[in-house]
Amino acid sequence: MPPTEAVIRLATSADLEAVAAINAHYVAHTVITFEEHPPSVADWHGKLGELTARGLPFLVADLGGEVAGYAYAGPWRPKPAYRHTVEDTIYLAPGHVGRGLGGRLLSALVAGATAAGLRRMIAVIADAGDERSIALHRRHGFTEAGRLTEVGFKLGRWVDTTLMERPLTP
């Protein structure tokens, strides 16, 4: 099944082994996540339960039964006044990058967060020397809100992040 026929759907517990494997690749080999140890499948079960209980979307790109990517909207900050703002997270399996799945996941994530009554979505994008994530977010209505310099240290180097935001209005 070609990527254009991928089904974007809510994640289930059956998807979490694949989600953990996708994430583990990026934890081990890149600076785009600041995790240094990959979360376990049990950790992902907790994440799915927490987000579902909050009414926040956790999605997968299902390509003929294979999880080719995932996205979720998580709390931006823990303090109560931030409860209407979420941060997006999007990862694709390495063999499925550059085929439009990230855009489809982000579109569905924005729609799900909007339907949940949220007000703003934030993207925190690590400077991995690749502008594709920034370009993806711009195409979906995000604007740059700032840059944080040398806020992470991973794989032997300091990493900056770009903050982007977009309103979520029906």
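These numbers come from a predicted model, not from an experiment.

A. Local environment of the sheet that holds strand 2 (residues 58-63). Ordered by their spatial adjacency, seven strands build an open sheet running 1-2-3-4-5-7-6, and the pairing between neighbours is mixed. A single partner strand is all that each edge strand has here, and the edge strands are strand 1 (7-10) and strand 6 (143-154). Within the sheet, the average angular offset between the axes of one strand and its neighbour, ignoring direction, is 25°. Direction of pairing for strand 6 relative to strand 7 (residues 157-167): antiparallel, over a ladder of eight bridges. When the sheet's bridge partners are listed, Phe153 is paired in strand 7 with Trp158.

B. Structural detail: the packing of aromatic side chains. Following the criterion strictly, the structure yields nine aromatic pairs and no others. Taking 6.2 Å as the distance between ring centres and 80° as the angle between the ring planes, the aromatic pair formed by Trp44 and Phe58 counts as edge-to-face. Of the two residues, Trp44 sits in helix 2 (residues 41-53) while Phe58 sits in strand 2, which places them 14 residues apart along the sequence. One exposure class covers both Trp44 and Phe58, and it is buried. Taken together through their ring pairs, the aromatic side chains of Tyr26, Trp44, Phe58, Tyr70, Tyr72 and Tyr91 make up a single cluster.

C. Representation of the layout of surface pockets within the structure. Space inside the largest pocket adds up to approximately 1400 Å³. Lining the largest pocket are 45 residues, and of these Ile32, Thr89, Ile90, Tyr91 and Ser133 sit closest to its centre. Those elements giving two or more residues to the lining of the largest pocket turn out to be helix 1 (16-29), helix 2, strand 3 (66-75), strand 4 (85-92), helix 3 (101-115), strand 5 (120-126), helix 4 (132-139) and strand 6. When grouped by side-chain class, the residues that make up the lining of the largest pocket number 22 nonpolar, 13 polar and ten charged.

Definitions and cut-offs
- Residues numbered from 1 in each chain as written.
- Predicted model: local features only at pLDDT ≥ 70, side-chain atom pairs only at ≥ 80, totals over all residues.
- Heavy atoms only, no water.
- Pairing = 2+ DSSP bridges.
- Helix = DSSP H or I, 4+ residues; strand = E, 2+ residues; numbered from the N terminus.
- Axes fitted to C-alpha atoms, helices over the stretch in contact; angles between N-to-C directions.
- Phe/Tyr/Trp six-rings, centres within 6.5 Å; stacked < 30°, edge-to-face > 60°.
- Buried < 20%, exposed > 50% of the residue type's maximum accessible area, 1.4 Å probe, protein only.
- 1 Å grid on protein atoms, 1.4 Å probe; cavity = no way out; pocket = protein on both sides within 12 Å on 5 of 7 lines; lining within 4 Å.
- Points joined across faces, edges and corners; volume = space filled by probe spheres on them.
- Nonpolar A, V, L, I, M, F, W, Y, C, P; charged D, E, K, R; others polar.

These figures capture arrangement, not role.
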